[in-house]
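# Structural overview
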Amino acid sequence: MIERVVPRQQLVKALAELNEMLPEGGDPDADAGWRAQLLERYATVRGFVALLAEAVPWGATTAGAPIVEALRRLPGVQARRKPAAEHIDVALLADGGWWRLVLGNPHLAPGRLIDKHAWTFCVLEALHVALKRRDVFARGADVWGDPRARLLSGAAWQVNRPRVLAALELSGNAAEHLAEMELLLEETYRHVADGLAGNASVDIVGGKIRQEKLGPEPEPEGLAAVRDAVAAMLPRIDYPELLLEVHARTGMFDAFEHVSGQVIRQKDLDLTLTALLVSKSTNIGLEPVVKPGEKALTRGRLTGADYAYFHLGGMRAASALPVETQGKIGIAGDWGGGHVASADRMRFAVPLRSIHTRPNRKYFGSGRGATWLNVVSDRVMGLGASSCPARCVTRWASWMRCSTLTALPAPRS
């Protein structure tokens, strides 16, 4: 009957190609270990599977529809004493490992019975993968919702279509765009294929490409000597000493005025403000910088100066003084004209839940974090910085024009 549909030779060839793509047969002992683990963890997921299938308004694309259907039928499979293969969607067992775990359990009675513990985890894993691919989504959700629901359509799309196409540099003809992508893929493939023979770092073993890890570029001759010489000339000083020296050269602490407007300043106020700046910039708190024997560093003095002097106006005025002073140094003028700045960002995971953090799966996985924005002039002078939730900033221009560096405000979130 099979040979009426497909010639024997063609079938043999197809099976040979299929065997090359399928994973090798698993170790029975390893499968037994997997079954033992699934049996132990089955109780932790059994209780919420029915709630997961009913409470979430699942939606799916054509590729994800079988997974949602399998999830909805999963409580019924779990309730059966002896579920069989006709009660599940065997097409989800594309992975050879799950096929053996679900259908090849030697402890089950002969026949078409399945291992419902393995089938439960198979469906949950397929759901997780489909969620990441957006083949399955939760209707109305923010992070796990349908990304297509936010696309413009109807009159709104017709109004914005020319502007969007111009921004993306697309013609609006899908067939033309796909033809360009096809040509680019073909040229790239041939370029890589032609270079494989002469590439010593690439080997093809068993039909798979193996490439050596890329190492660092060799340092130019003489760079190590220059680096060591510069490091030897730089003095090793403590952070507070550096701040006091900057104040001595620029008078930056003099820009901090009392919040009440009084002119009289306390003695050794520069030491107090230095200690406060160290505690705030290093995030160590007041305790490490408090010295009861020093009048300028007592807890009461530091707390009072924090409320009286550390305000936005004083910090802006103080930040402008080092920028202005550095602009008068000759080598700074050689670096740049002072009218161009670079804006960049760093991501930090925040373990505690806070209104100042946001989820960003690309950088924080399933956690939350914040973004630190930093602006540096072409004279290698920091102009301002600000923290903001991780998702507030998606793209910043690599370079931006600044009319006057001293008047540049700190970036806003």
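Predicted model, so just to flag it, every value in this text is computed and none were measured. (Residues numbered from 1 in each chain as written. Predicted model: local features only at pLDDT ≥ 70, side-chain atom pairs only at ≥ 80, totals over all residues. Heavy atoms only, no water.)

### A word on the overall build of the protein
Worth spelling out the cut-off: Where helices and strands are cited, they refer to DSSP runs of H or I of at least four residues and of E of at least two residues respectively, numbered from the N terminus. Throughout, radius of gyration means the C-alpha value; the globule benchmark is 2.2 Å times the number of residues raised to the power 0.38. Burial status follows relative accessibility: with a 1.4 Å probe on protein chains alone, a residue under 20% of its type maximum counts as buried, one over 50% as exposed, and anything between as partly exposed. Contacts are residue-level and defined by heavy atoms, with any inter-residue pair within 4.5 Å sufficient. In short, Shrake-Rupley with a 1.4 Å probe defines the accessible areas, and a residue's cover is counted only from the protein chains shown. Charge convention: Lys and Arg are scored as positive, Asp and Glu as negative, and His as well as the terminal groups of each chain are ignored. By convention, charge coordinates are those of NZ in Lys, CZ in Arg, CG in Asp, or CD in Glu.
Broken down by element type, the protein carries 15 helices and nine strands. Rg of the C-alpha trace for the protein: 33 Å, well past the compact-globule value of 22 Å for 413 residues, more than 25% over. Principal-axis analysis of the C-alpha atoms places the extent of the protein at approximately 100 × 55 × 55 Å. Counting every position in the protein, which comprises 413 residues, the buried fraction comes to 28%. Expressed as a percentage of contacts within the protein between residues at least 6 apart in sequence, the contacts between residues at least 24 apart total 59%. For the protein, the accessible area works out to roughly 29,100 Å², and carbon and sulfur atoms hold 57% of it. Taking the 50 positively charged and 45 negatively charged side chains of the protein as two groups, their mean positions are separated by 9 Å.

### Looking at the pairing of strand β7 (residues 368-377)
The test is simple: At least two DSSP bridges between two strands are needed for those strands to be called paired.
Note that strand β5 (residues 340-350) and β7 share 10 bridges and pair antiparallel. What sits directly across from D344, in β7, is N374. In the sheet, strand β6 (residues 358-359) pairs with β7 via two bridges, with the strands oriented antiparallel. By the bridge assignment for β7, R358 is matched with G369.

### A look at helix α4 (residues 65-79)
Test applied: Each residue after the first adds 1.5 Å to the expected span of a helix. The seven residues ending at a residue and the seven starting there each receive a fitted axis; the angle between those axes is the bend at that residue.
Over its 15 residues, α4 extends 23 Å from the first C-alpha to the last, a length consistent with the 21 Å expected when each residue adds 1.5 Å. Maximum bend of α4: about 40 degrees, positioned at R73, with proline P75 one to four residues after it. Three or more residues of α4 are buried, namely I67, V68, A70, L71, L74, V77 and Q78.

### Quick look at the pattern of salt bridges
Selection criterion: One side-chain nitrogen of Lys or Arg within 4 Å of one carboxyl oxygen of Asp or Glu is enough to make a salt bridge.
All told, the structure shown has eight salt bridges when counted by the stated rule. For the salt bridge of E186 with R190, the shortest nitrogen-to-oxygen distance reads 2.5 Å. Of the two residues, E186 and R190 both sit in helix α8 (residues 174-196), four residues apart, roughly one turn of that helix. Ionic pairing is found between E245 and R249, a salt bridge with its closest N-O pair at 3.3 Å. Linking E245 with R249, this pair stays in helix α10 (residues 239-250), spanning four residues, or about one helical turn. By relative accessible area, R249 is classed as exposed at 62%.

### Quick look at helix α12 (residues 299-309)
We apply this condition: Working note: the arc is built from the helix axis to C-beta atom directions.
Where α12 is concerned, the buried positions are R301, L302, A305, A308 and Y309. Axial view of α12: buried residues confined to an arc of 140 degrees, hence all on one face. Structural note: α12 exposes G300 and Y307 on the side pointing more than 90 degrees away from its buried face. In this structure, the buried residues of α12 make contact with α11 (269-282).

### Some words on the packing of aromatic side chains
We count it as follows: When two rings of Phe, Tyr or Trp (its six-membered ring) have centres within 6.5 Å they constitute a pair, described as stacked for plane angles under 30 degrees, edge-to-face for angles over 60, and tilted for the intermediate range.
Scanning the model with the defined rule gives two aromatic pairs in all. Both rings, one in F256 and one in F310, keep their centres 5.2 Å apart while their planes meet at 40 degrees; by these two values the pair is tilted. With a gap of 54 residues between them, F256 in the loop between α10 and α11 and F310 in the loop between α12 and α13 (312-327) connect regions that are remote in the sequence. Among the aromatic side chains, those forming a connected cluster through ring pairs are F253, F256 and F310.

### Remarks on the environment of A138
Considering the arrangement of structural elements, one finds A138 in strand β2 (residues 136-138). Judged by its relative accessible area of 11%, A138 falls in the buried class. Spatially, the C-alpha atoms of A138 and E20 are 37 Å apart, while their sequence positions differ by 118 residues. Residues within four places of A138 in sequence aside, it is in contact with V56, P57, W144, G145 and D146.

### With respect to the confidence of the model for the protein
Reading fine detail from the predicted coordinates is not recommended where pLDDT is low. Just so we agree on the cut-off: Known as pLDDT, the predictor's confidence for each residue is given on a scale from 0 to 100.
Across the protein, the average pLDDT comes to 82, with 90% of residues at or above 70. Here residues 393-413 is modelled with pLDDT under 50, and outside its nearest four sequence neighbours on either side it reaches 50 contacts, counting other chains as well.

### Considering the packing of α4 against helix α6 (residues 116-133)
Just so we agree on the cut-off: Convention adopted: a line fitted to C-alpha atoms gives each axis, helices being fitted over their contacting stretch, and angles between N-to-C directions are expressed from 0 to 180 degrees. Convention used here: angles under 35 degrees read as roughly parallel, angles over 145 as roughly antiparallel, angles from 65 to 115 as roughly perpendicular, and any remaining angle as oblique. Handedness of a crossing is defined here by the sense of rotation of the near helix relative to the far one, left-handed for an anticlockwise turn of less than a right angle and right-handed for a clockwise turn. Each residue gets one label: Ala, Val, Leu, Ile, Met, Phe, Trp, Tyr, Cys and Pro are nonpolar, Asp, Glu, Lys and Arg are charged, and the others, such as Gly, are polar.
Between α4 and α6, whose axes approach to 10 Å, the crossing angle comes to 155 degrees. Judged by the inter-axis angle, α4 sits roughly antiparallel to α6. Judged by the twist between their axes, the crossing of α4 over α6 is left-handed. Of the residues in α6, those in contact with I67, A70, L71, L74, V77 and Q78 of α4 are K116, W119, T120, V123, A126, L127 and A130. The residue inventory of the contact of α4 with α6, partitioned by class, reads 10 nonpolar, two polar and one charged.

### Re the environment of R134
Rules: For this analysis, a polar contact is any N or O atom pair within 3.5 Å, provided that within protein one partner can donate a hydrogen and the other can accept it, and provided that sequence-adjacent residues contribute only side-chain to side-chain pairs.
When you line up the elements, R134 lands in the loop between α6 and β2. Of the residues examined, R134 reaches a relative accessible area of 27% and is grouped as partly exposed. Separated by 162 residues in sequence, R134 and A296 place their C-alpha atoms 59 Å apart. Leaving out residues up to four positions away in the same chain, R134 has contacts with T61, V143, W144, G145 and P147. Within the local environment of R134, its side chain forms a polar contact with the backbone oxygen of V143, the two atoms lying 3.0 Å apart.

### With respect to unusual backbone geometry
In this structure, R134 takes a positive phi of about 65 degrees despite not being glycine. Not every positive phi belongs to a glycine, and N283 is a case in point at roughly 60 degrees. Along the chain, N283 falls in the loop between α11 and α12.

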